[in-house]
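Examination of the molecular architecture
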Amino acid sequence: MTTALPAQRTVLEKFPAGHPRGSWPADEYAAAQRAQGTPAQVVMDLRTDQFLVVTPTQ
């Protein structure tokens, strides 16, 4: 049996999940980062109830 290690990521920005527009601000920020060449994606941190924009750590 093999165990996968969690991917190392860098958090670029945090957005509250309770925002009236939901994840849109995080999605828009991630899209802007991708347009600049940064491989950003949005993930949900359930522990802190926030949307995180993350990128892989090199």
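This text follows the structure it describes.
Quick caveat: nothing in here was measured; it's all calculated off a predicted structure.

1. Structural notes on unusual backbone geometry
Positive phi is not limited to glycine here, since Asp49 has a value of about 55°. With respect to the element layout, Asp49 can be found in the loop between β2 (41–45) and β3 (50–56). The class for Asp49 is partly exposed, based on a relative accessible area of 45%.

2. Some thoughts on the pattern of salt bridges
When the charged atoms of two side chains lie near each other, side chains of opposite charge can form a pair. Following the criterion strictly, the structure yields one salt bridge and no others. Linking Arg21 and Glu28 is a salt bridge whose minimum nitrogen-to-oxygen distance equals 2.8 Å.

3. Quick word on the pairing of β2
If a strand is regular, its side chains alternate between the two faces of the sheet. Across five bridges, β2 lies against β3 in antiparallel orientation. When the bridges of β3 are listed, Val42 appears paired with Val53. Following β2, the chain reverses through four residues before pairing antiparallel with β3; Asp49 in that reversal takes a positive phi of roughly 55°.

4. A word on the side chain of Gln33
Relative to the elements of secondary structure, Gln33 occurs in helix α1 (residues 24–35). Those residues in contact with Gln33, other than ones at most four positions away along the chain, are Leu12, Thr38 and Ala40.

Conventions we followed
- Residues numbered from 1 in each chain as written.
- Predicted model: local features only at pLDDT ≥ 70, side-chain atom pairs only at ≥ 80, totals over all residues.
- Heavy atoms only, no water.
- Helix = DSSP H or I, 4+ residues; strand = E, 2+ residues; numbered from the N terminus.
- Buried < 20%, exposed > 50% of the residue type's maximum accessible area, 1.4 Å probe, protein only.
- Salt bridge = Lys/Arg side-chain N within 4 Å of Asp/Glu carboxyl O.
- Pairing = 2+ DSSP bridges.
- Contact = heavy atoms within 4.5 Å.

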